[in-house]
Amino acid sequence: MNISDVIKRPLITEKSTLLKGIANTVLFAVDSHANKKEVKDAVEKSFKVKVVDVRTMNVAGKTKRRGRTLGLRPGWKKAIVTLKEGDKIEF
């Protein structure tokens, strides 16, 4: 899988900025078929940092309703990447 296909976008939320300051951790939305090794390689090559740990999780899509009709937003995959002490990524 190509590096640009693995990482879709950074997740910038209150929780992610808190984790960034406390634990030197960055969150990304990644391709749903990417594994931990592919995510680690993509982050290291894209941002020139050293990755210590990668945790991934599948986020289920939310059920949404418009009148009587029920719909489902698509699910996606989240990666929690812990960086080596001293390295950081700025968004």
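Let us look at the structure shown here. (Residues numbered from 1 in each chain as written. Predicted model: local features only at pLDDT ≥ 70, side-chain atom pairs only at ≥ 80, totals over all residues. Heavy atoms only, no water.)

Moving on, we come to the packing of aromatic side chains. To describe a pair of aromatic rings, one takes the distance between the centres and the angle between the planes. In the structure shown here, the tally under the stated rule is one aromatic pair. With centroids separated by 5.8 Å and ring planes inclined at 25 degrees, the aromatic side chains of Phe28 and Phe47 adopt a geometry described as stacked. Of this pair, Phe28 sits in strand E2 (residues 25–30) while Phe47 sits in helix H3 (residues 36–47), and the two are 19 residues apart along the sequence. Across from the ring centre of Trp76, 5.8 Å away, lies the NZ or CZ of Arg9, which sits over that ring. (Phe/Tyr/Trp six-rings, centres within 6.5 Å; stacked < 30°, edge-to-face > 60°. Helix = DSSP H or I, 4+ residues; strand = E, 2+ residues; numbered from the N terminus. Lys NZ or Arg CZ within 6 Å of the ring centre and 35° of its normal.)

With antiparallel pairing, four strands are arranged side by side in an open sheet as E1-E2-E6-E3. Where the open sheet ends on each side, the last strands, each with one partner, are strand E1 (7–10) and strand E3 (51–59). Taking the axes of each pair of neighbouring strands and ignoring which way they run, one obtains an average angle of 30 degrees across the sheet. Across the sheet, H3 lies against E1, E2, E3 and strand E6 (76–83), angled at about 125 degrees from E3, the strand it touches most. (Pairing = 2+ DSSP bridges. Axes fitted to C-alpha atoms, helices over the stretch in contact; angles between N-to-C directions. Contact = heavy atoms within 4.5 Å.)

At Asn24, a position not held by glycine, the phi torsion is positive, near 55 degrees. Residue position: Asn24 is located in the loop between helix H2 (14–23) and E2. Here Asn24 falls in the buried class, since its relative accessible area comes to 14%. Phi is positive for Lys48, which is not a glycine, with a value near 55 degrees. Looking at the element boundaries, Lys48 is found in the loop between H3 and E3. (Buried < 20%, exposed > 50% of the residue type's maximum accessible area, 1.4 Å probe, protein only.)

Below, the discussion takes up H3. The periodicity of an α-helix, 3.6 residues per turn, causes residues three or four places apart in sequence to face the same way. For H3, built from twelve residues, the straight-helix expectation of 16 Å at 1.5 Å per residue is met to within 8% by its first-to-last C-alpha distance of 16 Å. Within the span of H3, buried status applies to Val39, Ala42, Val43 and Glu44. Its buried side turned inward, H3 meets helix H1 (3–6), E1, E2, E3 and E6. One side-chain oxygen at the N-terminal end of H3 lies 3.3 Å from the backbone nitrogen of Lys37; it belongs to Asn35. A positive phi of about 55 degrees marks Lys48, the residue just after H3. (Expected span 1.5 Å × (residues − 1). Polar contact = N/O pair within 3.5 Å; in protein donor to acceptor, adjacent residues only side chain to side chain.)

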